[in-house]
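Okay, here's what each chain looks like letter by letter:
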Amino acid sequence: MSTPPPIRILGVAGSLREASINRRLARLAARLAPEGVEFVEFGELGQVEPYDEDVEADGFPAGAAHFAAALRDTDGVFIATPEYNGSIPGQLKNALDWASRSDGALESVSGLQASPLYGVPVAAASASNGQFGAVWARDELVKVLRTQGARPISEPSVTIPNGATAFTDDGLLATTEANDRVRTLLDELVAMVVMLREARATAAAASTPAAAS
Amino acid sequence: MTTATALPITAGTYASDPIHSVVNFKVRHFGITWLRGGFSSFDVTLTADESGLTLEGSTPVQDIAFPNEQLHGHLMSPDFFDAQLYPTLSFTSTDVTLADDGTATVRGELTMRGVTKPVELSGTWGGPVEDMGGAQRIGLELAGEVDRHDFGIAWEAKLAGGQDVLGRTVRIEGEFELARA
């Protein structure tokens, strides 16, 4: 029996700014991920082109295609979003909109099911410099992900307030409880990835002639 | 199960003829009309043997047909059927009655989205008749209702006036022509 490939998680910060607290939160998730998980940071959110159906008619442009390929190459996603005017940043929403469209990678399904984020588990977290931890944006992110057929995971709730003081100099969150919530959210994400792998293996075994006989 | 002495049809296994069998369902939309879907591929068998009558059926969730591709994708997603994790919808009877007056009652367990719940279906049956190939056939028409929330399909949205976009009660209707092997 072959060893299953390591679980790959794509980390996405919804802010483009290098020093953003949500980038710190995404990088913290990489540090706190369970042993054996490969965590890859997606750093090219700013290069995803504006969604335009006229452009899409000629295929995904380079930036959107790069994001779609990164999603195709992962088992799960960790998104840390800031809150802009009560919702998620436009550039993050724009990238998710591309990810709800077919990138042409799958021929066996159509419509929403052919999109790169369909059915993918996504841990939704947020951080802000205010008192509410961008909870509205986190909830908006969950709504968007659900609508596009992904699997948002937002329990336990990771919405980090007071971002200027929330992190220690070594990149951890200041309280054990807050770090544990990130760990538990990652555990939930990995558990869903494992469940999906098992479901796919069961379906594949059931579809083979030997299993059917 | 019925008792052996009460078998209303010849013992054997009766399989659904896909050309003359359909399973559809509908759920209230906006409270004023219906969202309809159908099962485009399914296997239903009625077994009559010494232990009585047993009706079983299953269908790949992915093959449920809806009138719109995007809607199909949403309904296959974790918001609704979650076809990735729960690829099969199935039914197994616990009690089948084909009465002399032509009425049919089927009690059993429906498994959907990983949840198994009891369901009662009722309707009519007819036959047997002998088809052109010499096989016995019976007809069976059944209908019943389930609460989709019981199976974890709890997506909700409200109209501005407060009405539910989608109802909770789902009516399932099946018509089967079952041929004895």
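Small disclaimer: the values here were computed from a predicted structure and weren't measured.

1. Regarding the overall build of chain A
Summing up its helical and strand segments, chain A has eight helices and six strands in all. Principal-axis analysis of the C-alpha atoms places the extent of chain A at approximately 60 × 45 × 25 Å. The burial tally for chain A puts 48% of its 213 residues in the buried class. In chain A, of all internal contacts separated by at least 6 residues, the share reaching a separation of at least 24 is 78%. Total accessible area on chain A stands at roughly 10,300 Å², and carbon and sulfur atoms take up 53% of it. Looking at charge distribution, chain A has the averaged site of its 17 positive side-chain charges lying 4 Å from that of its 27 negative ones.

2. A short note on the packing of aromatic side chains
The geometry of two aromatic rings is summed up by the distance between their centres and the angle between their planes. A full pass over the atoms with the stated rule returns eight aromatic pairs over all chains. Pairing Phe42(A) with Phe67(A) gives two aromatic rings, centres 5.0 Å apart and planes at 50 degrees, and the pair type is tilted. With Phe42(A) in strand E2 (residues 38-42) and Phe67(A) in helix H3 (residues 62-72), this pair connects stretches of sequence that are 25 residues apart. A cation over an aromatic ring shows up here: Arg28(B) above the ring of Trp34(B), its NZ or CZ 4.3 Å from the ring centre.

3. Considerations on the interface of chain B and chain A
Between chain B and chain A, the contact holds 13 residues from the first and 17 residues from the second. Summed over both sides, the interface between chain B and chain A buries roughly 1,300 Å², with carbon and sulfur atoms accounting for 49% of that surface. Ionic pairing is found between Asp79(B) and Arg146(A), a salt bridge with its closest N-O pair at 2.5 Å. Among the residues forming the side of chain B that touches chain A, the class breakdown is three nonpolar, seven polar and three charged.

4. Considerations on a negative patch on the surface
Residue and element names in this part refer to chain A. On the surface, a cluster of negative charge is contributed by Asp52, Glu53, Asp54 and Asp58. By secondary structure assignment, the location of Asp52 is in the loop between E2 and helix H2 (53-56). With relative accessibility at 32%, the residue Asp52 sits in the partly exposed group.

5. Structural notes on the packing of H3(A) against helix H4 (residues 90-99) of chain A
Residue and element names in this part refer to chain A. Viewed as axis vectors pointing N to C, H3 and H4 meet at an angle of 70 degrees, and their least axial separation amounts to 10 Å. By the criterion of interaxial angle, the relationship of H3 to H4 is roughly perpendicular. The handedness of the crossing between H3 and H4 comes out as right-handed. Across the interface between the two elements, Ala64, Phe67 and Leu71 from H3 touch Ala95, Leu96, Trp98 and Ala99 from H4. Residues that form the contact of H3 with H4 fall into these classes: seven nonpolar, no polar and no charged.

6. Observations concerning the pattern of salt bridges
All names here are of chain A. Overall, the coordinates contain 26 salt bridges over all chains when judged by the stated rule. Among the salt bridges present, the one from Glu140 reaches Lys143, with a minimum N-O distance of 3.8 Å. Of this pair, Glu140 and Lys143 are both found in helix H5 (residues 135-147), three residues apart, which corresponds to roughly one turn of the helix. With a relative accessible area of 26%, Glu140 lands in the partly exposed category. What makes Lys143 partly exposed here is its relative accessible area of 48%.

7. Things to note about the confidence of the model for chain B
Residue-level pLDDT values for chain B average 93, and 97% of them are 70 or greater. Across the interface, the model reports ipTM at 0.81; the global pTM reads 0.87.

8. Some words on the packing of H4(A) against H5(A)
Residues and elements named next belong to chain A. Running from amino to carboxyl end, H4 crosses H5 at an angle of 15 degrees, the nearest separation of the two axes being 10 Å. What the angle tells us is that H4 and H5 run roughly parallel. Relative to H5, H4 is oriented so that their crossing is right-handed. Across the interface between the two elements, Leu92, Lys93 and Leu96 from H4 touch Leu141, Val144 and Leu145 from H5. For the contact of H4 with H5, the class distribution of residues is five nonpolar, no polar and one charged.

9. Quick notes on the pairing of strand E3 (residues 33-39) of chain B
All names here are of chain B. Pairing between strand E2 (residues 22-29) and E3: six bridges, direction antiparallel. Bridge pairing in E3 links Asn24 to Gly38. Here E2 folds back onto E3, and the loop between the two strands holds three residues, one of which, Phe30, carries a positive phi near 60 degrees. As paired strands, E3 and strand E6 (residues 64-65) are joined by two bridges and run antiparallel to one another. Within the sheet, the bridge partner assigned to Gly38 lies in E6 and is Ala65.

10. Some words on unusual backbone geometry
For the peptide bond that leads from Glu155(A) to Pro156(A), omega is 0 degrees, which places it in the cis range. Topologically, Pro156(A) is positioned in the loop between strand E5 (151-153) and strand E6 (159-160). Its identity is not glycine, yet Ala134(A) carries a phi of approximately 60 degrees, on the positive side. Its relative accessible area of 3% is what places Ala134(A) among the buried residues. Located in the positive-phi region is Asp82(B), a residue other than glycine, with phi close to 55 degrees. Summarising the element assignment, Asp82(B) is placed in the loop between helix H1 (69-76) and strand E7 (88-98).

Conventions used here
Residues numbered from 1 in each chain as written. Chains lettered and ligands numbered in written order. Predicted model: local features only at pLDDT ≥ 70, side-chain atom pairs only at ≥ 80, totals over all residues. Heavy atoms only, no water. Helix = DSSP H or I, 4+ residues; strand = E, 2+ residues; numbered from the N terminus. Buried < 20%, exposed > 50% of the residue type's maximum accessible area, 1.4 Å probe, protein only. Contact = heavy atoms within 4.5 Å. Areas by Shrake-Rupley, 256 points an atom, 1.4 Å probe, with all protein chains shown as cover. Lys, Arg positive; Asp, Glu negative; His and termini not counted. Charge placed at Lys NZ, Arg CZ, Asp CG, Glu CD. Phe/Tyr/Trp six-rings, centres within 6.5 Å; stacked < 30°, edge-to-face > 60°. Lys NZ or Arg CZ within 6 Å of the ring centre and 35° of its normal. Buried area = accessible area lost by both parts, 1.4 Å probe. Salt bridge = Lys/Arg side-chain N within 4 Å of Asp/Glu carboxyl O. Nonpolar A, V, L, I, M, F, W, Y, C, P; charged D, E, K, R; others polar. Patch = residues over 30% accessible without salt bridge, like charges linked within 9 Å, V, L, I, M, F, W, Y side chains within 5 Å. Axes fitted to C-alpha atoms, helices over the stretch in contact; angles between N-to-C directions. Parallel < 35°, antiparallel > 145°, perpendicular 65-115°, else oblique. Left-handed = near helix turned anticlockwise from the far one by under 90°. pLDDT = per-residue confidence, 0-100. Pairing = 2+ DSSP bridges.

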